[in-house]
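For reference, the chains in residue letters:
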2 protein chains.
Amino acid sequence: MLNMSSAQVVDPSPDRTARARIRDAALHLFGEVGFRATTVRAIADRAGVSAPLVLHHFGSKEGLRQSVEEHLVTQIREGKFATMTGQLTPDELSMRANAEEFAPAMSYLARALTEDAEVGRHLYDRLYQDALVYLQAGEDAGLIRPTGHPEARAAALLNAGLAQTLLRHHLERVLGMDDQVEAMLAIGPPLLDLYTDGLFTDSRIRDAFSTASPSEGTQP
Amino acid sequence: MLNMSSAQVVDPSPDRTARARIRDAALHLFGEVGFRATTVRAIADRAGVSAPLVLHHFGSKEGLRQSVEEHLVTQIREGKFATMTGQLTPDELSMRANAEEFAPAMSYLARALTEDAEVGRHLYDRLYQDALVYLQAGEDAGLIRPTGHPEARAAALLNAGLAQTLLRHHLERVLGMDDQVEAMLAIGPPLLDLYTDGLFTDSRIRDAFSTASPSEGTQP
DNA sequence: GCCCGGACTGAACACACGTTTAGCATGTTG
DNA sequence: CAACATGCTAAACGTGTGTTCAGTCCGGGC
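Remember, predicted model here, so these are calculated numbers, not experimental data.

Caption draft 1: Region of interest: the packing of aromatic side chains. Tallying each qualifying case throughout the model produces eight aromatic pairs over all chains. Ring geometry for Phe30(B) and Tyr108(B): centres 6.4 Å apart, planes at 50 degrees, overall tilted. Of this pair, Phe30(B) sits in helix α1 (residues 18-33) while Tyr108(B) sits in helix α5 (residues 92-114), placing them 78 residues apart in sequence. Among the aromatic side chains, those forming a connected cluster through ring pairs are Phe30(A), Phe35(A) and Tyr108(A). Over the ring of Phe35(A) we find Lys61(A); its NZ or CZ atom is 4.5 Å from the centre of that ring. Positioned above the aromatic ring of Phe35(B), the side-chain terminus of Arg65(B) is 3.8 Å from the ring centre.

Caption draft 2: Here's a closer look at the environment of Asn98(B). Residues and elements named next belong to chain B. Within the element layout of this structure, Asn 98 appears in helix α5. Considering only alpha carbons, one finds Asn 98 and Ala 137, 39 residues apart in sequence, at a separation of 26 Å. Leaving out residues up to four positions away in the same chain, Asn 98 has contacts with Thr 83 and Met 106.

Caption draft 3: Up close: helix α7 (residues 150-166) of chain B. Taking 1.5 Å as the rise per residue, α7(B) with 17 residues should run 24 Å; its terminal C-alpha atoms sit 24 Å apart, in good agreement. Taken across its 17 residues, α7(B) has 15 buried, putting it largely inside the fold.

Caption draft 4: The side chain of Glu69(B), seen in detail. Mapping Glu69(B) onto the fold places it in helix α4 (residues 61-77). Among the polar contacts made by the side chain of Glu69(B), one reaches the side chain of Tyr108(B) at a distance of 2.6 Å.

Caption draft 5: Main features of the pattern of salt bridges. All names here are of chain B. If you walk through the whole model with that rule in mind, you get 24 salt bridges over all chains. The salt bridge involving Arg 16 is made with Asp 24; its shortest N-O contact spans 2.5 Å. For Asp 202, the salt bridge goes to Arg 204, with nearest N and O atoms at 2.9 Å. Take Asp 202: its relative accessible area is 28%, and that puts it in the partly exposed class.

Caption draft 6: Representation of the side chain of Thr83(A) within the structure. Here Thr83(A) is to be found in the loop between α4 (61-77) and α5 (92-114). Those residues within four positions of Thr83(A) in sequence are excluded, and the remaining contacts are Asn98(A) and Met106(A).

Caption draft 7: Geometry of the packing of α5(B) against helix α6 (residues 118-140) of chain B. Residue and element names in this part refer to chain B. For the pair α5 and α6, interaxial distance at closest approach is 7 Å and the crossing angle is 95 degrees. The pairing of α5 with α6 is recorded here as roughly perpendicular in orientation. Across the interface between the two elements, Tyr 108, Leu 109, Ala 112 and Leu 113 from α5 touch Val 119, Gly 120, Leu 123 and Tyr 124 from α6.

Caption draft 8: Quick look at α1(B). Residues and elements named next belong to chain B. Helix length check: α1 (16 residues) gives 22 Å between terminal C-alpha atoms against 22 Å at 1.5 Å per residue, within 8%. Along α1, the positions that sit buried rather than exposed are Ala 20, Arg 21, Ile 22, Ala 25, Ala 26, Leu 27, Leu 29, Phe 30 and Gly 31. Where α1 is buried, its residues meet α2 (40-47), α3 (51-58), α4 and α5. Here α1 starts with a cap whose side-chain oxygen sits 3.0 Å from the backbone nitrogen of Arg 19, and that cap is Thr 17. Phi turns positive one or two residues past the end of α1, at Gly 34, with a value near 100 degrees.

Caption draft 9: Representation of the relation of the copies chain A and chain B. At an RMSD of 0.1 Å, chain A and chain B line up after a rotation of 180 degrees and a shift of 0.0 Å along the axis. Considering both components of the superposition, the chain copies are consistent with a two-fold axis.

Caption draft 10: How the structure looks around the interface of chain A and chain B. On the chain B side, the residues contacting the 72 residues of chain A number 72 residues. Roughly 7600 Å² is buried in total at the junction of chain A and chain B, and carbon and sulfur atoms are behind 64% of that figure. Connecting chain A to chain B are six salt bridges. Here Asp193(B) and Arg206(A) are joined by a salt bridge, their closest N and O atoms 2.7 Å apart. The tally of links from chain A across to chain B stands at 28 residue pairs in polar contact (both at pLDDT 80 or more). Broken down by secondary-structure element, the contributors of at least two residues to the side of chain A that touches chain B are α5, α6 (118-140), α7 (150-166), α8 (168-175), α9 (180-197) and α10 (204-212) of chain A. Class assignment of the residues belonging to the side of chain A that touches chain B gives a composition of 39 nonpolar, 20 polar and 13 charged.

Caption draft 11: Region of interest: the environment of Glu118(B). Residues and elements named next belong to chain B. Along the chain, the position of Glu 118 falls in helix α6. Classification of Glu 118 as exposed rests on a relative accessible area of 52%. As a C-alpha pair, Glu 118 and Glu 69 span 49 residues in sequence and 9.0 Å in three-dimensional space.

Reading the values: the criteria
- Residues numbered from 1 in each chain as written.
- Chains lettered and ligands numbered in written order.
- Predicted model: local features only at pLDDT ≥ 70, side-chain atom pairs only at ≥ 80, totals over all residues.
- Heavy atoms only, no water.
- Phe/Tyr/Trp six-rings, centres within 6.5 Å; stacked < 30°, edge-to-face > 60°.
- Helix = DSSP H or I, 4+ residues; strand = E, 2+ residues; numbered from the N terminus.
- Lys NZ or Arg CZ within 6 Å of the ring centre and 35° of its normal.
- Contact = heavy atoms within 4.5 Å.
- Expected span 1.5 Å × (residues − 1).
- Buried < 20%, exposed > 50% of the residue type's maximum accessible area, 1.4 Å probe, protein only.
- Polar contact = N/O pair within 3.5 Å; in protein donor to acceptor, adjacent residues only side chain to side chain.
- Salt bridge = Lys/Arg side-chain N within 4 Å of Asp/Glu carboxyl O.
- Axes fitted to C-alpha atoms, helices over the stretch in contact; angles between N-to-C directions.
- Parallel < 35°, antiparallel > 145°, perpendicular 65-115°, else oblique.
- Least-squares fit on C-alpha atoms with pLDDT ≥ 70 in both.
- Buried area = accessible area lost by both parts, 1.4 Å probe.
- Nonpolar A, V, L, I, M, F, W, Y, C, P; charged D, E, K, R; others polar.

Listed below in structure tokens is the structure:
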């Protein structure tokens, strides 16, 4: 908010239509600092246009948000953003490319997930359905253990995956990593170990919970 | 924001000092809708006082936030909020009591964790240290599996636990639960199974990742 | 009684910001 | 050429909101 007026006019391709530049600028700023903290003038500055032009094209700041979100919803439908749940990882290079390309959208969606925005619900529901069928397919193929609570398991695992994106800044900080990709790579092995062997050495802890009360929680 | 002026003046104990009522009202509203979206007048209404009195006691809206956060930091130091990472669960009744008592603070801190607020870093660092020593103690006691990446594992598990709080609204929605405690109880068993047996039936998936590249990620 | 300081209020101020208005180019159509 | 639409801007307007001002009430010390 301080030197918002002096925001650099990033014009990677100055020939693109002003309307597109405005929408990109809005996505970037909304994702970075949030909708309310972003001023129409800051969006205009970043897109290299005047403030009234923003409203000329989108009617209002709220209309601009809706346009941004509609664009995101189509991308959600196309199955992008699956990487938010923990990288599917072809290789590090493509991870970096993906992270860079979708960083603004990811920031926006991360924000939308923790507030109760329509687009956040949309994304979560999609990822949840994906997780359900993915886990079921793994079960059918004999790769994933069966469970008596498929919905709860899918949701819990989805949350665990999303958390690595939502809390990426903290992850980088405590692990001393320089960027998100590095941090994601660092937690890969321990997560694979967790998913393969579990965390406990035996069933004593689970037994303790199941005898104490018929259903219970867990620890870090 | 609509009928913010008609916010009910919740006065559970009208004898408490105005200063305390103001701080409570601020914590509640900041946690509910965020700092920027909360007006000084709304805080004053909720506390049953006038807007200038808020500033008389705390200097400015920003000063009020700092006062709120200082109060939270002392509570963090006292080790409250450990339940954010997945309930330690004495029993359902105390879970509900705890959830109710700390709901406003939890909302505030959940928000602080996903933005990059000072108090959020403070909380995360504390929980991370707790997780590290907790897991190490479990290892020493022979209950937790050893790992070659204790920091990364602790951070990843901490995130997974926190996610259940950060994404509680989505969890409730997709599982059709009525409140957070119910949802937490629902994911307890699958998480215990995950921690006890793992998710995969054998090590094929991990092997595939370790042969493909020396370090890699995961799926929902 | 008098004074002083602190809690407290209604009214007003100042600024930020979304939005509106009026107008200027430029290109296209009749 | 006239008429008009389109993309765009500078300037101004109106409102919401943090903050300040001036003053009231009240309790305690002298």
